[in-house]
Structure formats: structure tokens, C-alpha cells
Amino acid sequence: MPDLYAPLIERTPHPAKPPVLLVCEHASNHIPAAFANLGLPQSTLQTHIAWDPGAQGVARALRAALNADLVAGSVSRLLYDCNRPPESPGAMPETSEIYEIPGNKALTAAQRAARTAAIYTPFRAALAELMDQHPTGIMVTVHSFTPLYHGQPRRCEIGILHDTDTRLADALLAQPPAEFPHKLERNVPYSASDGVTHTLKTTAVARGWPNVMLEIRNDLIATAPQQHTMALALAQLLTKAIKTLKEAGNV
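Let us look at the structure shown here. (Residues numbered from 1 in each chain as written. Predicted model: local features only at pLDDT ≥ 70, side-chain atom pairs only at ≥ 80, totals over all residues. Heavy atoms only, no water.)

Re the side chain of Ser74
- Its location among the elements puts Ser74 in the loop between β3 (69–72) and β4 (95–96).
- In this structure the side chain of Ser74 is engaged in a polar contact, spanning 3.2 Å, whose partner is the backbone oxygen of Tyr5.
- Discounting chain neighbours no more than four positions away, the residues touching Ser74 are Leu4, Tyr5, Ala6, Pro7, Ser28 and His30. (Helix = DSSP H or I, 4+ residues; strand = E, 2+ residues; numbered from the N terminus. Polar contact = N/O pair within 3.5 Å; in protein donor to acceptor, adjacent residues only side chain to side chain. Contact = heavy atoms within 4.5 Å.)

Encoded structure:
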């Protein structure tokens, strides 16, 4: 498989101190032509099962606001979900919510290995290369979630998710300013028990970097102006939280 599966990497010329690494695993709904849309209609590929709508726009605006680096996925998570290990059924799911994924049915070991090598391995290598340049730093992964899942509405607006390292999540949730327009909740609509903290656990937690996963309800970031506004608000929260960690000697 060619290099067109490589992740998108955006560097900042003036990194923050400590450096911030933004990760957006589900940035794209692109499926190369060789996979024939995995047997799905184009309309389905516009839904949340194929990517995290709005997440890349927020991540890019956050990168600028925080003087951060960004690593983003370049293909649909249906082809390979870079927030899942190769052995996970969710890495190349046969079903997603109410949808069957024909092109992922009965994949052979060789087919799974080829996708892993083409998509997951370079994504992880990009993270490692950037992290190797610093003894410590901050990792923030950016995701969005659908407001209606299996027919049930989700009231949560922004989830602050973490694995075993709670430092950054605790700081974000401690005292959000009164003017912040959205409610923050811990470990909703998902948590580590759902397997969603794979990137955090195996990179940031493993290296001792404070980290957090942001889950934003996608109707709040449906347009470019909404994404920009959300990113600026989150950047203020993150800047305050990171300052708190630095003052406490936790980064």
C-alpha cells in the first residue's frame, strides 16, 4: 500500500513550553478508491461512523492557538481506527452502530496485517518521532461524538476523558470559568473501559506525559466558525490547566 495512507503532520515553528502534541485519529472519512468505499454508500461515509465530524477543524485551530504540533489520521477509521490496537475487533470493524461494513467482513490475517502496516504503524511512528524530541510534554487528543446514538439523545456537550493519569483532566475540570459556554463532564460519553484511551495509554501515559482526550458533541462544531470558536474556548481552558500543572511541578 502506498504512502497516501500516511498521517497528516503539522508542525509549529515556535513550540510551547512544555510542548503540546495534538492528536486527531479520526480526522478524515477518506477511503482510497481501491477499497470501493468498503461497500458503503457515500451518504453513510458522511456520518459519524466514518470519522469525527468537526474534530480536525477544532484540532487545527487549537494547534495555532497553543503553538502545538498535530498528528491527524488521513483515512477513515472504518479502514483502520488508529485509536485501537491491531488485535481489537474495533480496529477494522465489521459493524458500527447500526451499520454493517461489507468491506470489513471476514478479513484475512494478511489483509489485516497490510492495513495495520499501511495506516496504524506510520501513525504511531509519527507520534513517537515527535515525542522523542522532548523529555516531557502534553498530549491532547481531539474527538467528536454524535448527539444521537442508537436512537438515544446525548445531553453531554464536552467530555473530558482520561486513563490512569488524571492530572490534566483534573485541572480542566477543577474550575472552568463562568463564561465558558459548555458543560464539561468526566469520562462521558465514553471512558477507558470502552477502549477509547488506547492512544493516551500507550504513548502519553507510558512516557509520563500529562494527557487528556476531548470529546465534543458534533452539532456544536458543525461549521468552520463553530470549530474556531470552540477551539479558542478550549485553548483558554487548556492554557490555564497546563499552567496549574507547571506551578504544581506536575509537568
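Looking at the pairing of strand β2 (residues 20–24)
- Among the five residues in β2, five count as buried, and that is most of the element.
- Here four bridges tie β2 to strand β6 (residues 138–145), and the two strands are oriented parallel to one another. Looking across to β6, one finds that Val23 is bridged to Thr141. (Buried < 20%, exposed > 50% of the residue type's maximum accessible area, 1.4 Å probe, protein only. Pairing = 2+ DSSP bridges.)

A few points about the sheet that holds strand β11 (residues 211–217)
- Overall, mixed pairing links the seven strands, which are arranged β1-β3-β2-β6-β11-β9-β10 in an open sheet. This sheet does not close on itself; its edge strands, each paired only once, are β1 (8–10) and β10 (184–186). Pairs of neighbouring strands in the sheet enclose a mean axial angle of 20 degrees, with direction left out of account.
- One ladder, built from four bridges, connects β2 with β3; its direction is parallel. Note that in β3 the partner of Leu21 across the bridge is Asp69.
- In this fold helix α3 (residues 109–131) packs onto β1, β2, β3 and β6, with an angle of close to 170 degrees to the strand it touches most, β3.
- Along the sheet, helix α6 (residues 224–247) makes contact with β2, β6, β9 (158–161), β10 and β11, crossing β11 at roughly 155 degrees. (Axes fitted to C-alpha atoms, helices over the stretch in contact; angles between N-to-C directions.)

Side note on the nonpolar core
- One finds Leu62, Val140, Leu168, Leu172, Leu214 and Leu234 to be the most contacted residues of the largest nonpolar core, which totals 39 residues.
- Where this core is concerned, the elements lending two or more residues are β2, α2 (55–66), β3, β6, β9, α4 (167–174), β11 and α6.
- It is α6 that provides the largest number of residues to this core, a total of 10 residues.
- When residues no more than four places from it in sequence are discounted, the contact partners of Val140 are Leu21, Leu22, Val23, Leu168, Val212, Leu214 and Leu238.
- Ranked by size, the runner-up nonpolar core spans 35 residues in total, among them Val75, Ala91, Phe123 and Leu127. (Core = buried A, V, L, I, M, F, W, Y, C linked by side-chain atoms within 4.5 Å.)

Overview of helix α5 (residues 198–207)
- Among all positions of α5, only His198, Thr199, Leu200, Thr203 and Ala204 are buried.
- Against the buried residues of α5 lie β2, α3, β6, β9 and β11.
- Following α5 by one or two positions, Gly208 adopts a phi angle in the positive range, close to 80 degrees.

Some details on unusual backbone geometry
- A cis amide bond links Lys17 to the next residue, Pro18, at an omega of 0 degrees.
- For the bond from Val188 to Pro189, the omega torsion is 0 degrees, close enough to zero to count as cis.
- By the element assignment, Pro189 lies in the loop between β10 and α5.
- The backbone of Asn37 shows a phi angle near 60 degrees, a positive value even though the residue is not glycine.
- On the secondary structure map, Asn37 appears in the loop between β2 and α1 (42–45).
- A positive phi angle is found at Ala106, which is not glycine, with a value near 55 degrees.
- Tracing the sequence through the fold places Ala106 in the loop between β5 (99–100) and α3.
- Among the residues examined, Ala106 registers a relative accessible area of 65% and is labelled exposed.

Remarks on the pairing of β3
- Alternating positions in β3 separate into two faces, Asp69 and Val71 on one and Leu70 and Ala72 on the other, with burial throughout.
- Sheet topology note: the β1/β3 ladder contains three bridges and is antiparallel. Each bridged residue has a counterpart across the sheet, and for Leu8 the counterpart in β3 is Ala72.

Scope: geometric values only; no functional claims are made or implied.
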